[in-house]
Amino acid sequence: MQPQMGNERPGAPVRPVSAFVPGAAVPPPPGASSPFAAGSPFVHPGAAPLPRQGVPPPQAAGPPPFGVGPPAAIGGYRGLSPPQGPFGTALPSQGPFAAVSSPQGPFTSAPPSQAPFASAPPPQGPFASARSPQGTFTSAPLPQGPFAASPAPFRSPQSALSQPQSPTGGAMPPPPTYVRPPPVQSQAPPMQGYYPGAPPANPPFLMSRPAFQQPVQTMPPPPIGPAGAFGNQAAYPSAGPPVGGTLQSLVEDFQSLSLSSAPGSLDPGVDVKGLPRPLDGDEEPVKFLEAYPLNCHPRYFRLTTHAIPASQSLVSRWHLPLGAVVHPLAESPDGEEVPVINFGSAGVIRCRRCRTYINPYVTFADAGRKWRCNLCTLLNDVPGDYFCALDASGRRYDMDQRPELSKGTIEFVASTEYMVRPPMPPSYFFLIDVSVSAVRSGLLEVVAKTIKSCLDDLPGFPRSQIGFLTFDSTLHFHNFKSSLSQPQMMVVADLDDVFLPLPDDLLVNLVDSRHVVESFLDSLPNMFHDNVNVESALGPALKAAFMVMSQIGGKLLVFQSTLPSLGIGRLRLRGDDVRAYGTDKEHTLRVPEDPFYKQMAAEFTKNQIAVDMFFFSEKYSDVASLGTLAKYTGGQVYHYPSFQAATHGDKLKLELNRDLTRETAWESVMRIRCGKGVRFTTYHGHFMLRSTDLLALPAVDSDKAFAMQLSLEETLMITQTVYFQVALLYTSSSGERRIRVHTAAAPVVTDLSEMYRQADTGAIVSLLGRIAVENSLADKLDSVRQQLQLKLVRSLKEYRNLYVVQHRIGGRLIYPESLRFLPLYILAICKSLALRGGYADVSLDARCAAGFSMMILPVKRLLNFIYPSLYRVDEVLTMEPHRIDGSLKRLPLTMQCLDTGGIYLLDDGFTFLVWLGRMLPPELVNNILGVSLANFPDLSKIQLRECDNEYSRNFMKILKTLREKDPSYYQLCLVVRQGEQPREGFLLLSNLVEDQMAGTSSYVDWILQIHRQTQS
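## A few points about the overall build of the chain
When helices and strands are counted, the chain shows 24 helices and 29 strands. Per-residue burial for the chain yields a buried fraction of 54% across its 1016 residues. Across the chain, the fraction of contacts at a sequence separation of at least 24, relative to all contacts at a separation of at least 6, is 75%. By element, 54% of the accessible surface of the chain is carried by carbon and sulfur atoms, the whole surface being about 44800 Å².

Rendered as structure tokens:
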């Protein structure tokens, strides 16, 4: 039976008036609990009289506005006064409702003494609950029956006293001796801006709601009746919270910064302390694993946003790079071992069309005899020995026992079909510059001792191969035949036609020739100690090394201390030209001058040879040209400007040790497959692109990551989920061919705000940094920095447009919670070693070396490189050693955080900088440094060593702890005193990225500038 709405035609046959009036209902009799009680669609015929002709039916407009209704208006007992008719005339008692007042219409809400037009006492404040007539909005009791609600959660104390409520929310019957309390005459006015808790505009419904629902009203209906009835009533308060869908749309689903700077004012109008800062370092998006628990860990694969846009129009509105960062050999989180699966002679199970490896997101059909590829949806046959029955939900019974079906990261043992040739043994070939600069700096001694100390730890024992070639103006080959007691050196002076003086024994098995190799390393420093040759024939030496290694492959380590000056590949001292900066020729300083090195890199990669470059020159050594050898072979660039063994020896020793002993994947290729509708188009890192999507990596390790950009192949995506699979085929040091597979899924969304909500700042910054470094090879530095700023402004402006209609955000810079650190990180990229300033700010070699490092750094290390960690250490030096690590707190990178009486440590992952305030007690400085500053004016030559006191031991423990957190590089420790110029400027002040320096913006100015541009 459809309830009546209370708007019957006048003159209709007399029938019961329905109590189902929107916003109003007849109060129930005391103790009424039957379905025919007031407020139910089934009402007793004598419940209420018909309205008079031309008079609106009795109705109410909802609950009282914020507690102003009298007790009777809230359904309480009104006493023994006779029921009032529409115009104050008493009505006879009718039916079972005789004991209760009849419905109170707009003209009958007052007690007998207060006619509608009589003068009523004024309401006592907007939240008073006096018994004065309150008009249409409060004249009727609360709705009863199927839409009955429990008492309003916000009830004023007065109404709570005057209206006893039953446990079920209805009005309780009055006691026989009920005495109406005196009306409350006044109430303390509410505090300014304080919301005391008014009842909601619509009381909450019960759990069981009928099919018909009242429409949600954010405003009460307009008043009905003469205006005089509401003359003394307070205006409808508009401070109440909206309800329903309106509430959801008005919630600020974003973060904001209030900006109130006035033109010409010195006050920036920004709370500097409230600016977002990434003092906790990188935030891995591990929460996404809760929605997709079968994904690989974000440490291996991170999307710039874990919400793939469904259309090209969304991509165009995103403005930030859409892509991923891949770290295929990252250290396993929480020490978990990657499961290794061996399918034996049957081979690895793959999709026969797209070649996707079986993974947790495939589905099984046909009672387990078929499996459907999650990337291309092809139905594949399940091999007979891999068959397993399915349960009622379509899952295999053995799914939890098979890691390839339950884990996002897996490693398969590859069969012979994945081998072009038998796995080669790990080989290490050292190309060492022995010119006069290398001898005088102590380079040969450090290199020889470090290599000798690592011989027992080289991966691949007992298969490892090793060889050496030294060069200056000639090439020196060394015979390591196992039958010799001492190595034999053979000199080739013909640089135009390089040849090998021996067919064999230049690259030998380490186990067989161990004694010969050790003898060579012991004699190497003294072998060339009288050398005064200043020339370098690096090009011919590279060709000779290629001839030695081409049959096996491996890793080539080049130690270069002089600019190549002889033979093929010789480079001119082009240096850093100040006249080129700011012109179209500026970028030519940062690109290779000679194509020879890129051609050699291509040959090295083709023969599975990776090149690591070590630079030691105090003068210009053209890192831009020589670094391409590492860039296109999957190698790494190390830079030690003005190398001196006493100062830089420890750093070289530790970094060379890690390079030689870390676990390495040899003869590698990597491919990333995507689901329908998307594909990776551009790749960034150190590799050679063999085809459109195949990355050739002669050697790769846990210290290298890669970034790539994603594009949509279709105008409109039709799938709900996109799948990605990273596959790295490599040879382990033990000689086993393996495939490491990372699988991930991400939802397809049609809402731009969801893309922002699922954004990953670390991945975005990592990709932006790589793109900026590559752009600097084809454009001016200033243009590259402007492009970064433009991307940020467009992105935040697009995000602002999503909320500018619903919210008042005129004086605020709004941004998504996920990207709260993005403005600061982009400012840090612009101020990084690779991109900041111009001619006088960074040496050209240091700039290029930093660019090569940024191209391979994983996300966490890259973020720490561009926004270093700053700690105050003097306050923790007196603590117990086990409490020191937990007491170190990162500080914002601004001069305002530096106290002249403190010791501060800056860590960017490559260097430690110890800053000594000028007000430090001399005794504390002497205890830590081991020397007196008064007797040691040149702090650039100081070497920190542990001294026999508590301060020194604790200080060295801090350095050791920070180094152990990231063993990929060894931080060289430099000491600078406050006010020591120019060292303080380029060592410390240039790294305080939140401060203004050399024509760059401070963090506050940057935020104000971004805000103005987003509003334009």
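There's more to say after this.
## Examining helix H17 (residues 822-830)
With 9 of 9 residues buried, H17 is to be regarded as a mostly interior element. Here H17 has its buried residues at Leu 822, Pro 823, Leu 824, Tyr 825, Ile 826, Leu 827, Ala 828, Ile 829 and Cys 830. In the core, the buried residues of H17 are packed alongside helix H15 (761-775), helix H16 (781-801), helix H19 (859-866) and helix H24 (1003-1015).

## Focus: the side chain of Asp 472
Looking at the secondary structure, you find Asp 472 in the loop between strand E11 (465-471) and strand E12 (475-479). With no salt bridge to any partner, buried Asp 472 finds its closest opposite charge in Arg 440, at an N-O distance of 13 Å. Asp 472 has contacts with Val 434, Ser 435, Asn 531, Asn 533, Glu 535, Ser 536 and Ala 537, leaving out every residue within four places of it along the chain.

## Overview of the packing of helix H7 (residues 443-454) against helix H13 (residues 645-661)
Packed helices, taken two at a time, are described by the angle their axes make and the gap between the axes. At their nearest, the axes of H7 and H13 sit 9 Å apart, and the two run at 35 degrees to each other. Crossing angle aside, the handedness with which H7 passes H13 is right-handed. In this structure, H7 uses Leu 443, Val 446, Val 447, Thr 450, Ile 451 and Cys 454 to contact H13, whose residues at the interface are Ala 645, Gly 649, Leu 652, Lys 653, Leu 656, Asn 657, Leu 660 and Thr 661.

## Let's talk about unusual backbone geometry
With an omega dihedral of 5 degrees, the bond running from Phe 461 to Pro 462 counts as a cis peptide bond. Looking at where Pro 462 falls in the secondary structure, it is placed in the loop between H7 and E11. Of note, the bond from Gln 981 into Pro 982 is cis; its omega dihedral lies within 30 degrees of zero at 5 degrees. Tracing the chain through its elements places Pro 982 in the loop between strand E29 (972-977) and helix H23 (983-987). Positive phi values are uncommon outside glycine, yet Ser 642 reaches one of about 55 degrees.

## As for the pattern of salt bridges
Side chains that differ in sign of charge can pair as their charged atoms come close. Here the structure, examined in full by the defined rule, presents 44 salt bridges. Two residues, Arg 369 and Asp 366, come together in a salt bridge whose shortest N-O distance is 3.1 Å. With a closest N to O distance of 2.5 Å, Asp 381 and Lys 370 form a salt bridge. Highlighted residues: Asp 381 in strand E8 (residues 379-381) and Lys 370 in strand E7 (residues 370-372), separated in sequence by 11 residues. Counted as one network, the salt bridges with shared partners bring together Lys 555, Asp 612, Arg 658, Asp 659, Arg 662, Asp 701, Asp 703, Lys 704, Arg 861 and Asp 966.

## Notes on the packing of aromatic side chains
All told, the structure shown has 28 aromatic pairs when counted by the stated rule. Pairing Phe 468 with Phe 480 gives two aromatic rings, centres 5.7 Å apart and planes at 55 degrees, and the pair type is tilted. With Phe 468 in strand E11 and Phe 480 in the loop between E12 and strand E13 (488-492), this residue pair connects regions lying 12 residues apart in the sequence. Comparing Phe 468 with Phe 480 shows no difference in burial state: the two are buried. Aromatic pair Phe 614 and Tyr 638: ring centres 4.4 Å apart, planes at 5 degrees, arrangement stacked. Highlighted residues: Phe 614 in strand E16 (residues 609-615) and Tyr 638 in strand E17 (residues 637-639), separated in sequence by 24 residues. Each residue in the set Phe 559, Phe 614, Phe 616, Tyr 638, Tyr 640, Phe 643, Phe 865, Phe 910 and Tyr 969 is aromatic and connected to the rest through ring pairs, giving one cluster. Of note, Arg 350 hangs over the ring of Tyr 357, and the distance from its end group to the ring centre comes to 4.2 Å. Over the ring of Tyr 386 we find Arg 396, and its NZ or CZ is 4.5 Å from the ring centre.

## With respect to the sheet that holds strand E22 (residues 706-712)
Strand order across the open sheet formed by 4 strands is E2-E4-E22-E19, with antiparallel pairing between neighbours. For this open sheet the edge positions go to strand E2 (301-303) and strand E19 (678-684), each flanked by a neighbour on one side alone. Averaged over neighbouring strand pairs, the angle between their axes works out to 25 degrees when direction is ignored. When E19 meets E22, the two strands line up antiparallel, connected through 6 bridges. For Arg 679, the partnering residue across the bridge sits in E22 and is Ser 711. Contacting E2, strand E4 (323-326), E19 and E22, H15 crosses the sheet at an angle of about 95 degrees to E22.

## Quick notes on the environment of Lys 481
You can see Lys 481 is positioned in the loop between E12 and E13. Along the backbone, Lys 481 and Val 517 are 36 residues apart, and their C-alpha atoms lie at a distance of 9.5 Å.

## A short note on the sheet that holds strand E6 (residues 363-365)
An order of E6-E7-E8 is seen for the 3 strands of this open sheet, with the pairing classed as antiparallel. On the outer flanks of this sheet lie E6 and E8, each paired with one strand and no other. Averaged over all neighbouring strand pairs, the angle between strand axes comes to 35 degrees, with direction disregarded.

## Structural notes on the confidence of the model for the chain
Predicted confidence across the chain gives a mean pLDDT of 80, with 73% of residues reaching 70 or more. Within the chain, helix H1 (residues 157-162) has the poorest average pLDDT of any element, 39, and E4 the best, 98. Residue range residues 1-250 is modelled with pLDDT below 50. Its contacts to residues more than four positions away, or to other chains, number 294 contacts.

## Examining the packing of helix H21 (residues 922-929) against helix H22 (residues 950-965)
Where H21 contacts H22, the two axes come as close as 7 Å, and the packing angle between them is 60 degrees. Accordingly, the angle class assigned to the pair H21 and H22 is oblique. Crossing geometry of H21 relative to H22 is assigned as right-handed. Contacts between H21 and H22 pair Leu 924, Asn 927 and Ile 928 from the former with Tyr 951, Ser 952 and Phe 955 from the latter. Split by residue class, the contact of H21 with H22 holds 4 nonpolar, 2 polar and no charged.

## Some words on the pairing of strand E15 (residues 554-560)
Where burial is concerned, most of E15 is hidden: 7 out of the 7 residues are buried. By the bridge criterion, 5 bridges tie strand E10 (residues 427-433) to E15 in an arrangement that is parallel. Bridge pairing in E15 places Phe 430 opposite Leu 557. Across 7 bridges, the pairing between E15 and E16 is parallel. Counterpart to Val 558 in the pairing with E16 is Met 613. With helix H10 (residues 596-606) bridging E15 and the parallel E16, this β-α-β connection has right-handed handedness.

## A closer look at a nonpolar patch on the surface
A cluster of nonpolar side chains, contributed by Met 489, Val 491 and Met 527, occupies part of the molecular surface with about 250 Å² of accessible area. By the secondary structure assignment, Met 489 is in strand E13.

## Thoughts on the nonpolar core
Among the nonpolar cores identified, the biggest contains 203 residues, and Phe 430, Leu 431, Phe 468, Leu 542, Leu 556, Phe 724 and Ile 866 are the most heavily contacted of them. Residues within four places of Leu 556 in sequence aside, it is in contact with Phe 429, Leu 431, Leu 542, Ala 545, Met 549, Phe 604, Ile 609, Ala 610, Val 611 and Asp 612. Judged by nonpolar contacts, the second largest core, of 34 residues, contains Ile 341, Val 669, Leu 729 and Val 741.

## Remarks on the pairing of strand E23 (residues 721-731)
A regular strand carries its side chains on alternate faces of the sheet. The element E23 is largely enclosed, with a buried count of 10 among its 11 residues. Bridge analysis of strand E18 (residues 664-674) against E23 gives 7 bridges, and the strand direction is antiparallel. By the bridge assignment for E23, Arg 673 is matched with Gln 725. Looking at chain direction, E23 and strand E24 (residues 737-749) are connected through 11 bridges and run antiparallel. Bridging across to E24, Phe 724 finds its partner in Ala 744. Counted along the chain from E23 to the antiparallel partner E24, the turn is 5 residues long, and its residue Gly 735 has a positive phi close to 95 degrees.

## A few points about H21
Those residues of H21 that sit buried are Leu 924, Val 925, Ile 928 and Leu 929. Projected down its long axis, H21 carries its buried residues within an arc of 115 degrees, all on one side. Set apart from the buried face of H21 by more than 90 degrees, the exposed residues are Pro 922 and Glu 923. Phi turns positive, to about 80 degrees, at Gly 930, one or two residues after H21.

## What about the environment of Phe 559?
Among the structural elements, Phe 559 can be located in strand E15. According to the relative accessible area criterion, Phe 559 is buried, its value standing at 0%. A C-alpha to C-alpha distance of 7.7 Å links Phe 559 and Phe 616, two positions 57 residues apart in sequence. If we skip the residues at most four places from it in the chain, Phe 559 touches Phe 430, Leu 431, Ile 432, Asp 433, Val 447, Phe 471, Phe 614, Phe 616 and Leu 656.

Parameters at a glance
- Residues numbered from 1 in each chain as written.
- Predicted model: local features only at pLDDT ≥ 70, side-chain atom pairs only at ≥ 80, totals over all residues.
- Heavy atoms only, no water.
- Helix = DSSP H or I, 4+ residues; strand = E, 2+ residues; numbered from the N terminus.
- Buried < 20%, exposed > 50% of the residue type's maximum accessible area, 1.4 Å probe, protein only.
- Contact = heavy atoms within 4.5 Å.
- Areas by Shrake-Rupley, 256 points an atom, 1.4 Å probe, with all protein chains shown as cover.
- Lys, Arg positive; Asp, Glu negative; His and termini not counted.
- Salt bridge = Lys/Arg side-chain N within 4 Å of Asp/Glu carboxyl O.
- Axes fitted to C-alpha atoms, helices over the stretch in contact; angles between N-to-C directions.
- Left-handed = near helix turned anticlockwise from the far one by under 90°.
- Phe/Tyr/Trp six-rings, centres within 6.5 Å; stacked < 30°, edge-to-face > 60°.
- Lys NZ or Arg CZ within 6 Å of the ring centre and 35° of its normal.
- Pairing = 2+ DSSP bridges.
- pLDDT = per-residue confidence, 0-100.
- Parallel < 35°, antiparallel > 145°, perpendicular 65-115°, else oblique.
- Nonpolar A, V, L, I, M, F, W, Y, C, P; charged D, E, K, R; others polar.
- Right-handed = clockwise from strand over helix to strand, strands pointing away.
- Patch = residues over 30% accessible without salt bridge, like charges linked within 9 Å, V, L, I, M, F, W, Y side chains within 5 Å.
- Core = buried A, V, L, I, M, F, W, Y, C linked by side-chain atoms within 4.5 Å.
- Arc of directions from axis to C-beta.

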